[in-house]
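Close look at the chain arrangement
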Amino acid sequence: MTAKTTPITISEPAPAPHPFWSGAFRPMFLFAGLTAVVAVVWWVAGVAHGVPTPSLGTASLWHAHEMIFGFGGAAIGGFLLTAIANWTGRPGIQGKLLMLLAACWIIARLAVGFGTALPASLAIIGGIGYFMALIAIAGRELILGRNYRNLKILGILGLIMTLDGLFIAGSLDLIALDPMAVYQTAILLIVFLISLIGGRIIPAFTRNWLMRERPDVSMPVMFNRFDGLCLAALGLAIVIGLFDINGIFFGGALLITAALHGIRMVRWRGVHTLRDPLVAMLHFAYFWVPVGLAALGVAHIWPDVLAPRDGLHGLTGGAMACMIIAIGGRAALGHTGRELRASFALNMAFGLVWISTALRLSIGQFDDAYIPVLAAATLCWLVGWLAFLIGYAPVLLGPSKKKTRGIPVK
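In what follows, the accompanying structure is described. (Residues numbered from 1 in each chain as written. Predicted model: local features only at pLDDT ≥ 70, side-chain atom pairs only at ≥ 80, totals over all residues. Heavy atoms only, no water.)

This part is about the nonpolar core. One finds Phe29, Phe71, Leu81, Leu101, Tyr130, Trp381 and Trp385 to be the most contacted residues of the largest nonpolar core, which totals 126 residues. Residues in contact with Tyr130, not counting those within four places in the same chain, are Met28, Gly73, Ala74, Gly77, Leu101, Cys104, Trp105 and Ala108. (Core = buried A, V, L, I, M, F, W, Y, C linked by side-chain atoms within 4.5 Å. Buried < 20%, exposed > 50% of the residue type's maximum accessible area, 1.4 Å probe, protein only. Contact = heavy atoms within 4.5 Å.)

Moving on: unusual backbone geometry. Among all residues except glycine, the phi angle is most often negative; among peptide bonds, the trans geometry is most common. Of note, the phi angle at Asp173 is positive, near 60 degrees, even though the residue is not glycine. A positive phi angle, near 60 degrees, is found at Arg269, a position not held by glycine. Structurally, Arg269 can be placed in the loop between α8 (248-266) and α9 (277-286). Relative accessible area serves as the criterion here: at 24%, Arg269 is assigned to the partly exposed category. (Helix = DSSP H or I, 4+ residues; strand = E, 2+ residues; numbered from the N terminus.)

The terminal C-alpha atoms of helix α7 (residues 225-243), which comprises 19 residues, lie 28 Å apart, in line with the 27 Å expected from a rise of 1.5 Å per residue. Within the span of α7, buried status applies to Asp227, Cys230, Leu231, Ala233, Leu234, Ala237, Ile238 and Gly241. Here the buried residues of α7 occupy an arc of 155 degrees about the axis, which is enough to place them on one side. Seen from the open side of α7, the exposed residues pointing more than 90 degrees away from its buried face are Arg225, Leu236 and Phe243. Residues of α7 that are buried make contact with α6 (179-213), α8 and α10 (288-301). Sitting at the amino-terminal end of α7 is Asn224, which places a side-chain oxygen 3.0 Å from the backbone nitrogen of Phe226. (Expected span 1.5 Å × (residues − 1). Arc of directions from axis to C-beta. Polar contact = N/O pair within 3.5 Å; in protein donor to acceptor, adjacent residues only side chain to side chain.)

Enumeration over the complete set of coordinates arrives at ten salt bridges. Note that Arg212 and Glu213 form a salt bridge whose closest N and O atoms lie 3.4 Å from each other. Three or more residues joined by partner-sharing salt bridges are found here, namely Arg90, Arg140 and Glu141. (Salt bridge = Lys/Arg side-chain N within 4 Å of Asp/Glu carboxyl O.)

So, on to the environment of Leu196. Structurally, Leu196 can be placed in helix α6. Here Leu196 falls in the buried class, since its relative accessible area comes to 8%. Distance in space between the C-alpha atoms of Leu196 and Leu231 is 7.0 Å, their sequence separation being 35 residues. Those residues within four positions of Leu196 in sequence are excluded, and the remaining contacts are Ile153, Ile156 and Leu231.

A word on a nonpolar patch on the surface. Taken together, the side chains of Ile106, Leu110, Phe114, Leu118 and Leu122 define a hydrophobic patch exposed on the protein surface, amounting to about 460 Å² of accessible area. Following the sequence through the fold, Leu122 ends up in helix α4 (residues 120-144). (Patch = residues over 30% accessible without salt bridge, like charges linked within 9 Å, V, L, I, M, F, W, Y side chains within 5 Å. Areas by Shrake-Rupley, 256 points an atom, 1.4 Å probe, with all protein chains shown as cover.)

Structure (structure tokens):
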């Protein structure tokens, strides 16, 4: 008898994606850094030198949109999808799915940049396409990972996406809605997201460091009912702002919320972390949440003291941008297996953007030197983000060095 032989099938292993497409934090934090530079330089060049600038009704509305929904949206996607992989224990999205998300973000930038020239429906659908894709991907990962408790984050993303669409529609005069009112609400909603997630990761990272380096001091208070009160107060302030956009009730709600978040921050024991800039940055970034909320509250109650647009910069340039640098720098190191130590570039980037926020927030107090102070704030912002890109683009683009570390948030 002749024995039958079993054919041997040799299959090639699936090629690994380029390191750049191996984790959502890589392209999305790089996109955020690039937008922080390009959207500011292009807008300033248009205002000061008449350089043709993308327009969403006006060049200023395009600039405002991109600094919130483009810059902030990219960072939200980079952090959230990286965190979800840790929460669920599933591999992070990579390869073609990540390329699809990045493509949606780029298409959104083009749709908004050419918003005036495109049919309105295409501008809106293209503009919100990134958030639609982000919600779909994040929801899929949370459900497959049975992490249902964090599905509430998708609701916040859905509201941000809705505000994105309303901003575009209002800017193109499709609806009778002030885009800047939408802009303010979107900023506060992103600050709510920072407060929700930051309220978990900041004390967690701080506790880990203190237990290792300063076990003799009091540990930070982890998320509890008081944190829930802080979030509820901010949520209530956002709702009040929808009906009392420029009123005293809105301003008062913001001041109360600022006080609560200031107390919350003290409970995290950040004063003991100054020896480690990578941990201290998280606290210095969150500092702008209570300060920015207080500034915006003052601006709505006493507009002669502080203009609302200046008050908002405490939340955008401060809470948003500083937290992006603090989290983005940490993610770039931890998730590529590098030592968790702040480099000169990261310290420089964070410090300059922090100073830029302080200058921009106080600009109304310098009537005789408005332009020089504005120029100094802009220069600090640009040099700071260039330092981030120079220092961290090679990390984001290059291969990991060893096993990566997760984000200790459940």
